[in-house]
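Chain residues, written in single-letter form:
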Amino acid sequence: MFTRAGALWTALTVGFLILIVLLIFITQNTASGQFQFLGWHWSLPLGVAILLAAVCGGLITVLAGTARIYQLRRAAKKHASGRR
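Reading the values: the criteria
- Residues numbered from 1 in each chain as written.
- Predicted model: local features only at pLDDT ≥ 70, side-chain atom pairs only at ≥ 80, totals over all residues.
- Heavy atoms only, no water.
- UniProt positions renumbered as here; feature names shortened; annotations may be inferred.
- Helix = DSSP H or I, 4+ residues; strand = E, 2+ residues; numbered from the N terminus.
- Pairing = 2+ DSSP bridges.

J.: Just give me the short version of the UniProt feature "domain: Lipopolysaccharide assembly protein A" (unreviewed entry) in the protein, but keep the residues and values in it.
T.: Here the UniProt feature "domain: Lipopolysaccharide assembly protein A" (unreviewed entry) sits at residues 28-79. Span residues 28-79 is 67% helix and 23% strand, its end C-alpha atoms 54 Å apart.

As structure tokens, this is what we get:
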């Protein structure tokens, strides 16, 4: 039987497995890399840099999706109020 608690435990288990894989990836990619962006210069381990880039990309995707959802909700409210 499917329950919300069961789904939560499944999601937590999958999340922890992904976290373990990410930790292994980071520990195996410890070579330091030099990075430059808009005049800033810094050095990071390669695994951390790739993970940081992935997280930033995910945040940009979430922001774009949130803006689109907000836009669609405003359009739906406007359309619903015009029908009355």
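J.: For the UniProt feature "transmembrane region" (unreviewed entry) in the protein, give the residues involved together with the corresponding values.
T.: Per the UniProt record, "transmembrane region" (unreviewed entry) is found at residues 7-26 and 46-70. Spanning residues 7-26, this segment combines 100% helix with 0% strand, and its end C-alpha atoms are found 28 Å apart. Between the C-alpha atoms that bound residues 46-70 the distance is 36 Å, and the span itself is 100% helix and 0% strand.

J.: Explain the pairing of strand S2 (residues 40-45) to me, and be specific about the residues and the numbers.
T.: Of the strand pairs in this sheet, strand S1 (residues 32-37) and S2 are connected by six bridges, and their pairing is antiparallel. If you follow Gln34 over to S2, its bridge partner there is Ser43. Where S1 hands over to S2, the hairpin turn is made up of two residues, of which Leu38 adopts a positive phi near 50°.

J.: Let's hear about unusual backbone geometry: which residues, and what values?
T.: For Leu38, which is not glycine, the phi torsion reads 50° and is therefore positive. Relative to the assigned elements, Leu38 resides in the loop between S1 and S2.

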